[in-house]
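Examination of the molecular architecture
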Amino acid sequence: MFLTHLSCTICGLRHEWEQLQNLCTNCQKPLFPVYDLAAVGRALKREDLAVREKSLWKYREVLPLPPKVEPVSLGEGGTPLLRAKKFGDVSGLTNLWVKDEAQNPTQSFKARGMTTAVSMAKHLGATKLAVPSAGNAGGALAAYAARAGLEAHIFMPSDTPRANIIECRELGAHVVLIDGLITDCGAEIAKRKAAEGWFDMSTLKEPYRVEGKKTLGYELAEQMDWTLPDVILYPTGGGTGLIGMWKAFEEMEALGWIGSARPRMFTVQASGCAPIVRAFEAGEKFATEFPDAHTLASGLRVPKAVGDFLMLDILRNSGGGAVTVEDEAMIAMTREVGAAEGLFVAPEGAACFVALRDLVSAGKIGAEDRVVIFNTGSGIKYLDCYEAS
Ligand SMILES: *Cc1c(COP(=O)(O)O)cnc(C)c1O
Ligand SMILES: [Zn+2]
């Protein structure tokens with residue numbers, strides 16, 4: 001295995017990967033897995049990937065988990081990068097693509113993070129996994145925990161879409177509904193985990209969900225023949241995918257697989273919960289908690305993210321930006337995308353299509369730019385949002 005240790009994203013303190021870890025023990029910030037990339041480069045050429053099975057575990061050399069250990073897998077990753085020609089045409093873009101993450105197990109890209117995180121938690125001896133979730137993370141944890149033979153304890157706001165709650169229950173998880181936000185759910189887990197023996201699987205509060213999510217970046221590069229797009233639009237909650245992709249770009253450059261050019265990264269948030277947009281505009285290094293957070297795009301209902309500073313750095317260093325979208329516009333956009341492209345997108349994915357139009361109007365995206373939108377989940381989980389429209 002090429003994983004050598006975990007390193008704090010702020011203070012750099014080294015942590016051992018061989019034991020279960022959450023945040024940095026010194027400063028309470030996220031830990032990143034570090035690999036011996038020189039050794040990876042000797043063992044693996046990017047051309048070798050072409051003949052491997054379509055799964056995110058094809059990037060095994062840059063993922064955690066010792067080689068002889070079988071991953072906890074449901075067939076995640078390897079999702080299509082689809083041309084969105086009709087939508088591009090009417091929006092004045094010649095080169096628009098959608099990475100359709102709804103085609104993952106449990107219908108969202110949360111599967112990517114959970115396959116790596118649950119595989120490592122099981123390998124390192126955890127038996128009871130807990131997560132706060134306002135939507136798809138719960139279902140993904142429930143599925144992978146069941147597959148691994150581990151307990152899943154899922155804390156959800158009581159207004160989480162019904163499909164997510166029922167999904168968790170039917171996958172055998174213990175579901176607790178909380179009258180509050182995802183941050184309140186996280187606080188409840190933090191309070192009880194020591195006594196209950198739970199391992200906290202919150203995004204970026206354990207080191208391996210980001211590793212699964214980073215395969216978005218590896219797949220994108222491979223699917224674009226080892227180039228990157230000019231622009232990426234990412235619907236942002238905790239930001240693990242955005243942060244993970246950037247990590248993948250850096251690793252791939254170190255491996256000599258891509259050059260130093262980077263896409264302009266845009267965060268898309270709901271106007272009712274936009275802590276990153278607000279901090280970006282204010283020029284702040286960290287984002288303060290967004291008050292009275294509300295949006296029906298439950299994946300974006302994250303008023304405070306532990307990886308805020310990592311996202312803000314990426315948006316600035318890439319020359320990208322941060323935009324908000326109204327809920328009504330997301331809902332209306334879902335049908336337009338559906339009718340044009342044959343994809344029933346989640347409101348979070350729809351938000352990116354709305355943001356795209358706004359950025360084109362504002363002159364921040366050009367007609368010839370190669371643009372990739374992440375449709376992070378399926379509209380089928382949000383029937384209560386679409387029923388009334
Ligand atoms: C969780 C989620 C998001 C946000 O992802 P982060 O990596 O936490 O920013 C976006 N869309 C959907 C459908 C989600 O489930
Ligand atoms: Zn630290």
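Just above sits the structure.
My aim in this report is to walk through the structure given alongside it, one point at a time. (Residues numbered from 1 in each chain as written. Chains lettered and ligands numbered in written order. Predicted model: local features only at pLDDT ≥ 70, side-chain atom pairs only at ≥ 80, totals over all residues. Heavy atoms only, no water.)

Concerning the site of ligand 1
Rules: Throughout, the term near means that a residue has one or more heavy atoms lying within 4 Å of the molecule or strand in question. Under the rule applied, a polar contact is a pair of N or O atoms within 3.5 Å (in protein, one hydrogen donor and one hydrogen acceptor; residues adjacent in sequence only if both atoms are side-chain atoms). A 1.4 Å probe and the Shrake-Rupley method give the accessible areas. Residues count as covered only by the protein chains that appear here. Numbered from the N terminus, helices here are DSSP runs of H or I no shorter than four residues, and strands are runs of E no shorter than two.
Taken together, 17 residues are adjacent to ligand 1, and Lys110, Tyr234, Gly237, Gly239 and Thr376 come closest. One nitrogen or oxygen atom from the side chain of Lys213 is found 3.0 Å from an oxygen atom belonging to ligand 1. Within the side chain of Thr376, a nitrogen or oxygen atom sits 2.6 Å from a nitrogen atom of ligand 1. In the complex, the protein chains occlude 96% of the 380 Å² of accessible area that ligand 1 would expose alone. Among the elements of the structure, strand E10 (231–235) and helix H8 (240–254) are those that each provide at least two residues to the shell around ligand 1.

Some points on the sheet that holds strand E2 (residues 14–15)
Rules: The criterion for strand pairing is that DSSP finds at least two bridges linking the strands in question.
With antiparallel pairing, three strands are arranged side by side in an open sheet as E2-E1-E3. Looking at the sheet topology across the chains shown, the edges are occupied by E2 and strand E3 (31–35). Relative to E2, strand E1 (residues 3–8) is paired through two bridges, and the arrangement is antiparallel. Residue pairing across strands places Leu6 opposite His15, the latter belonging to E2.

Considering helix H7 (residues 209–223)
So the rule is basically this: Expected helix span is computed as 1.5 Å times (number of residues minus one). For every residue, the accessible area (1.4 Å probe, protein chains only) is compared with the maximum for its type, and the residue is labelled buried under 20%, exposed over 50%, or partly exposed between those bounds.
For H7, built from 15 residues, the straight-helix expectation of 21 Å at 1.5 Å per residue is met to within 8% by its first-to-last C-alpha distance of 22 Å. With 14 of its 15 residues buried, H7 lies for the most part within the structure. One or two residues past the end of H7 sits Asp225, with phi positive at roughly 55°.

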